[in-house]
Amino acid sequence: MVFKAVWFITLLIAGNLMWSSPSFADSTLRRATNSMPTSLDPQRQKTSMDSRVLNDLFLGLTALGPDGSIIAGTAESWDISKDGRQYTFHIRPDARWQDGTPVTAGDFQLAFARLFVIGQKASLSGNYSIIEGHQQFSGLSEPISPDKLASLKTGVAVIDNLTLLITLTAPAPYFLELLARPPAFPVPSHLYRSKGSRWAAPENLLSNGAYQLQYVSKDKITLTRNDAFFDSNHVAIDRARYLHVPEGQSAGRFVIGGHADLAEAIPYYQVDSLHHANDFVVHSQPVLSLSMFLLNPNVTALSDRRVRQALYLAIDRNALVRTRNSKETPAYGLVPGMHDYAAEAAPARSQQDALTQAVALMKEAGYSKDRPLHLTLTTIDSTQSRRLAVLAKRFWMNIFVDLSITQKPFNQVVADIRNGNFQIIRRSWRADYQDPNNFLYLYSPRSNRALYPTGNQEVERLFDLAESTPDLRMKYLKEAEHLLMREYLTVPLYSRVTHALLSTRIKGWSEHVMAPNATRYLRLEG
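It should be emphasised that the depicted structure is a prediction, and the values quoted were computed from it without experimental measurement.

> Go over the nonpolar core, please, and point to the residues and values.
Where a protein is soluble and globular, its nonpolar side chains tend to be buried together. In terms of nonpolar packing, the biggest core is built from 79 residues, with Leu-61, Phe-89, Ile-131, Ile-166, Phe-175 and Leu-223 touching the most fellow members. At ten residues, the largest contribution of residues to this core is made by helix H2 (residues 105-118). In this view, Leu-223 contacts Val-53, Asp-56, Leu-57, Tyr-211, Gln-212, Leu-213, Gln-214, Asp-238, Arg-239, Ala-240 and Tyr-242; residues no more than four positions away in its chain are not counted. With 76 residues, the next largest nonpolar core counts Leu-295, Leu-388, Leu-440 and Leu-442 among its residues.

Shown next, in the form of structure tokens:
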């Protein structure tokens, strides 16, 4: 079976800078953000903000097009074997790093080697464990020796400078999507030889995407057009500036005040008022995601499954979503609905019946009004997160829970999840690819050994069956979801809708569920 990927080309017209400063000759897009990237190293990507900037800087073998569909990236085409396990990628001859050096198949092999060498510290490395022989990479250490890398027999093989063969342990229909994500972005071998793991430090960084790094500080990142990018002539915006919103100021006010042209994380409670702002528009984009309260089964207070089940039952999801007025969908299972996988439906019982059952479970576990359970919920330090935590406190008061709320910076919350340093923590997971495995995998030791050191062996068996039996894959994944739900490792809340505030000068924005809205797909007019 041969797949020829056709490069998506859209004619773009460059505008000039900022609605507030029409005298600028070049076009600069200013993007407001509530957090800054944790790293510019693609293999160490942890957050959606990391991904946003890295997608402007780099290009994988494949890419997400303006509507979120898979298009050609650094590979101009690829062939897939009949059994769905082997992918042969043909790298475009005009692919270049910003210094003019050709991008090679070896650059991608080095990227995968680094991903598995970093291992658990690369929070998304587990997504790529379907690559055959990936365990051999973990025997290396940074800086990776080219000779040692060449001696390994793994599922990532360099055929020649422009041909890369990747072999999987089993068919994975989502694999092309994974290759469009930062962990699979190439590493410049010629730079890595001299800099090692420091190649991605701001003073050294080379990129192969539409933009290159010009400036970085704790509150601003400036990217400029990469003239070596093969499709640079169709990139309309010359510069992208990521600007950190100052503490105590909302992203909406920051944009309306003329400091930025767009903000992507507008709180739901500001949307109605912003709809009336002159020269701005609000775009609401559904997100393949799940917002949840993650429960740590390893702490004494939550080791009793009855307590975890009671916490799940006591949340009134419909009431929660109504308070947000945000077009969001209540979630009862671990996976949101997608093209060939149905989300868990709302239970037939009433919320009052669920609450009655939750109270009974807590009493069985030994808790009462006179002997409450003391728990701490950790969430990020934003008004929106605080409001959600306060709602949870009200719901859980009904089942004898005395809840304390701790707010921390976003990056610290991410670290706490990775290290299992919490009792309950608010988590919002946005899919890296359109497959239920991307959500179910969160509860596996392959994803987080600190939280799930051994995992559920029956669930792991079902994961393996799903990989080895493509025709029954969704059946086995649904069985795995049901088994995990009975463990009550999380309290699912809703699937998110994100709201972006844009200057009306910005064109090309998409509300498709997987649309990346990368800077290269946008343009400024007027």
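From this point, things continue past the structure.
> Hey, could you go over the sheet that holds strand S11 (residues 239-244) for me, with residue numbers and the actual values?
Strand order in this open sheet of seven strands is S9-S10-S11-S2-S12-S20-S13, and the pairing throughout is mixed. Edge positions in the open sheet fall to strand S9 (211-216) and strand S13 (280-286), since each of these has one partner strand only. By the bridge criterion, two bridges tie strand S12 (residues 262-263) to strand S20 (residues 497-503) in an arrangement that is antiparallel. Each bridged residue has a counterpart across the sheet, and for Ala-263 the counterpart in S20 is Leu-501. Lying on the sheet, helix H1 (residues 48-57) is in contact with strand S2 (28-33), S9, strand S10 (220-225) and S11; it crosses S11 at an angle near 165 degrees.

> Now, about the packing of helix H9 (residues 317-324) against helix H11 (residues 383-397): what can you tell me, with residues and values included?
Where H9 contacts H11, the two axes come as close as 11 Å, and the packing angle between them is 150 degrees. Classed by the angle they form, the pair H9 and H11 counts as roughly antiparallel. In the packing of H9 onto H11, the handedness of the crossing is right-handed. Counting all contacts with H9, which are made through Ala-319, Leu-320, Thr-323 and Arg-324, the residues of H11 involved are Gln-384, Leu-388, Leu-391 and Phe-395. Among the residues forming the contact of H9 with H11, the class breakdown is five nonpolar, two polar and one charged.

> Quick rundown of helix H14 (residues 457-468)? Include the residues and the values.
The end-to-end C-alpha distance of H14, which contains twelve residues, comes to 17 Å, matching closely the 16 Å that a straight helix rising 1.5 Å per residue would cover. For H14, the full list of buried residues reads Val-459, Glu-460, Leu-462, Phe-463 and Ala-466. Buried residues of H14, seen end-on, are gathered within an arc of 160 degrees and therefore sit on one face of the element. Residues of H14 that are exposed and point more than 90 degrees away from the buried face comprise Gln-457 and Ser-468.

> Explain the environment of Val-216 residue by residue, including any values.
Assignment of secondary structure puts Val-216 in strand S9. Along the primary structure Val-216 and Lys-475 are separated by 259 residues, whereas in three dimensions their C-alpha atoms are 47 Å apart. Not counting the four nearest positions on each side in its chain, Val-216 is found in contact with Pro-202 and Ile-221.

> Break down unusual backbone geometry for me, citing the residues and quoting the values.
Across the chain, the bulk of peptide bonds are trans and the bulk of non-glycine residues have phi less than zero. In this structure, Pro-143 follows Glu-142 across a cis peptide bond, with omega equal to -5 degrees. With respect to the helices and strands, Pro-143 occurs in the loop between H2 and helix H3 (146-151). A positive phi is found at Phe-400, a non-glycine position, where the angle reads about 70 degrees. Along the chain, Phe-400 turns up in the loop between H11 and strand S17 (401-408). We classify Phe-400 as buried; its relative accessible area is 16%.

Calculation notes
- As a convention, each chain's residues are numbered from 1 in the sequence order in which they are written.
- Confidence filtering applies because this is a predicted model: local features only for residues at pLDDT of at least 70, side-chain atom pairs given and counted only at 80 or more, and all residues used for totals across whole chains, interfaces and linings.
- Side-chain numbers here rest on the full set of heavy atoms in the structure, without hydrogens or water.
- Nine residue types can take part in a nonpolar core, namely buried Ala, Val, Leu, Ile, Met, Phe, Trp, Tyr and Cys, and a core is a set of them joined through side-chain atoms within 4.5 Å.
- When accessible area is computed with a 1.4 Å probe and restricted to protein chains, residues below 20% of their type maximum are described as buried, those above 50% as exposed, and intermediate ones as partly exposed.
- Helix and strand definitions here come from DSSP, where helices need a minimum of 4 consecutive H or I residues and strands a minimum of 2 consecutive E residues; each element is numbered from the N-terminal end.
- Two residues form a contact once any of their heavy atoms are found within 4.5 Å.
- Strands are treated as partners if at least two bridges between them are detected by DSSP.
- Angles shown run from 0 to 180 degrees and are taken between the N-to-C directions of axes, each axis being a line fitted to C-alpha atoms and, for helices, limited to the stretch in contact.
- Should an angle fall under 35 degrees it is taken as roughly parallel, and over 145 as roughly antiparallel, whereas 65 to 115 is taken as roughly perpendicular and any remaining angle as oblique.
- The handedness criterion is simple: a crossing whose near helix is rotated anticlockwise from the far helix by less than a right angle is left-handed, and one whose near helix is rotated clockwise is right-handed.
- Each residue gets one of three labels, nonpolar for Ala, Val, Leu, Ile, Met, Phe, Trp, Tyr, Cys and Pro, charged for Asp, Glu, Lys and Arg, and polar for the others, Gly among them.
- Multiplying one less than the number of residues by 1.5 Å gives the expected span of a helix.
- For this quantity, the arc is that covered by the directions from the helix axis to the C-beta atoms.

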